[in-house]
Amino acid sequence: MKKCIIITSYIEGELRQLLSNEQPGFVICADGGYNHASKAGLVPNFLMGDFDSLTERIQPGVEIVTFPSEKDDTDTGLCLQAALDLGYRDILIIGGIGGRFDHAIANIQLMAGAVDQVERIAIKDKKNYCTVLKNGGLELSKKQGQHVSLFALSDVCEGVTISGAKYPLTDYTLSRTFPLGVSNEYQEDTVRISVQTGTLLIVLSED
């Protein structure tokens, strides 16, 4: 399954390092995300946005899609929709977590809105990796110094189970209004997370 990488305007960390273990099949830059790509020597397939944060000169061969500044969606949201329209079901958004908090929340909502259309969708920066899980399960490999947090994005997430962690849960109902799942730790080399009904936000963070 080929992966689509979306590079946002705000990135905490160095782009080359964030992409070191990734094998993108397609790269889309959201507006000023092109500044990061250009400095890293990466030529994207698409450059999309209203270009209010673009400073680098655009290289030949990049397909440009321009949108008005007054629109209902964010530049990252438009890039995500383009990735979905192109048939990508493994999507990684680079950046878009730190900086403006409203855009970080918007990106979490975008992931939740796309969860039924993808196999995997995530956001990544230097110290954080966020993904969503709906009615399913996944396994996480231990990384030293990394915290594991679970948040309900739906009103409730039923049948939440987490094993291999310091604070396990079994068939638990998480509420969107109480962050019981914040800041867990690895107890074993692998943490297993599952949810029977609902959409979970899974956040892996380093200090």
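Refer to the preceding data block for the structure.
Not measured: the values here are computed from a predicted model. (Residues numbered from 1 in each chain as written. Predicted model: local features only at pLDDT ≥ 70, side-chain atom pairs only at ≥ 80, totals over all residues. Heavy atoms only, no water.)

*Asks:* Pulling in residues and values, what's your account of the overall build of the protein?
*Replies:* A count of helical and extended segments in the protein gives four helices and 13 strands. Whereas a compact globule of 207 residues would reach a radius of gyration of roughly 17 Å, the protein reaches 17 Å, a difference of no more than 12%. If one aligns the C-alpha atoms of the protein with their principal axes, the spans along those axes are about 55 × 35 × 30 Å. Taken across its 207 residues, the protein has 46% of its residues classed as buried. (Helix = DSSP H or I, 4+ residues; strand = E, 2+ residues; numbered from the N terminus. Rg over C-alpha atoms; globule rule 2.2 N^0.38 Å. Buried < 20%, exposed > 50% of the residue type's maximum accessible area, 1.4 Å probe, protein only.)

*Asks:* Talk me through the sheet that holds strand S10 (residues 156-163); I want residue IDs and the actual numbers.
*Replies:* With antiparallel pairing, four strands are arranged side by side in an open sheet as S8-S12-S10-S11. For this open sheet the edge positions go to strand S8 (137-141) and strand S11 (169-175), each flanked by a neighbour on one side alone. Strand after strand, the sheet turns through a mean of 25° between neighbouring axes, direction not considered. Relative to S11, S10 is paired through four bridges, and the arrangement is antiparallel. When the bridges of S11 are listed, Val160 appears paired with Tyr172. (Pairing = 2+ DSSP bridges. Axes fitted to C-alpha atoms, helices over the stretch in contact; angles between N-to-C directions.)

*Asks:* Please give an account of the environment of Ser205 that cites residues and values.
*Replies:* Position of Ser205 among the secondary structure elements: in strand S13 (residues 199-206). Exposure remark for Ser205: the relative accessible area of 18% places this residue in the buried category. Considered as a pair, Ser205 and Tyr167 are 38 residues apart in the sequence and their alpha carbons are 16 Å apart. Every residue in contact with Ser205, bar those within four places of it in the chain, is listed here: Lys127, Asn128, Gly145, Gln146 and His147. Within the structure, Ser205 has its side chain in polar contact with the side chain of Asn128 (distance 2.8 Å). (Contact = heavy atoms within 4.5 Å. Polar contact = N/O pair within 3.5 Å; in protein donor to acceptor, adjacent residues only side chain to side chain.)

*Asks:* An account of the pairing of S13 is needed here, citing residue identities and associated values.
*Replies:* By the criterion of burial, S13 is predominantly enclosed, with seven of the eight residues buried. Across seven bridges, strand S7 (residues 128-134) lies against S13 in antiparallel orientation. Of the residues in S13, the one forming a bridge with Thr131 is Ile202. Note that strand S9 (residues 146-152) and S13 share seven bridges and pair antiparallel. Within S13, the residue paired with Leu150 across the bridge is Ile202.

*Asks:* I'd like a rundown of helix H3 (residues 75-85), residues and numbers included.
*Replies:* Taken across its 11 residues, H3 has nine buried, putting it largely inside the fold. Regarding H3, the residues found buried are Asp75, Thr76, Gly77, Leu78, Cys79, Leu80, Ala82, Ala83 and Leu84. Positive phi shows up at Gly87, right after H3, with a value of about 95°.

*Asks:* Before we move on, can you summarise the nonpolar core with the specific residues and values?
*Replies:* Nonpolar side chains in soluble globular proteins generally cluster together in the buried interior. Ranked by internal contacts, the top residues of the largest apolar core, which has 28 residues, are Cys4, Ile6, Ile28, Leu80, Ile91, Met111 and Ile121. If one sorts the elements of this core by residue count, H3 sits on top with six residues. Setting aside chain neighbours within four positions, we find Ile121 in contact with Leu80, Ile91, Met111, Ala114, Cys130, Thr131 and Val132. If you look at the next biggest cluster of nonpolar residues, it comprises 18 residues, including Ala152, Ala165, Tyr186 and Leu200. (Core = buried A, V, L, I, M, F, W, Y, C linked by side-chain atoms within 4.5 Å.)

*Asks:* Provide a residue-level description of the packing of aromatic side chains, including the pertinent values.
*Replies:* A complete count under the given rule lists two aromatic pairs for this structure. What links up through ring pairs into an aromatic cluster is the set Phe26, Phe46 and Tyr88. (Phe/Tyr/Trp six-rings, centres within 6.5 Å; stacked < 30°, edge-to-face > 60°.)

*Asks:* Before we move on, could you go through unusual backbone geometry and cite the residues and values that matter?
*Replies:* The phi dihedral of Asn135 is positive, around 50°, even though this residue is not glycine. Checked against the element boundaries, Asn135 lands in the loop between S7 and S8. What makes Asn135 partly exposed here is its relative accessible area of 43%. With phi around 60°, Ser183 is a residue other than glycine that occupies positive phi space. Within the fold, Ser183 resides in the loop between S11 and strand S12 (190-194).

*Asks:* Outline a nonpolar patch on the surface, listing residues and values.
*Replies:* Residues Tyr172, Phe178 and Leu180 make up a contiguous nonpolar surface patch of roughly 300 Å² in combined accessible area. Structurally, the position occupied by Leu180 is in the loop between S11 and S12. (Patch = residues over 30% accessible without salt bridge, like charges linked within 9 Å, V, L, I, M, F, W, Y side chains within 5 Å. Areas by Shrake-Rupley, 256 points an atom, 1.4 Å probe, with all protein chains shown as cover. Salt bridge = Lys/Arg side-chain N within 4 Å of Asp/Glu carboxyl O.)

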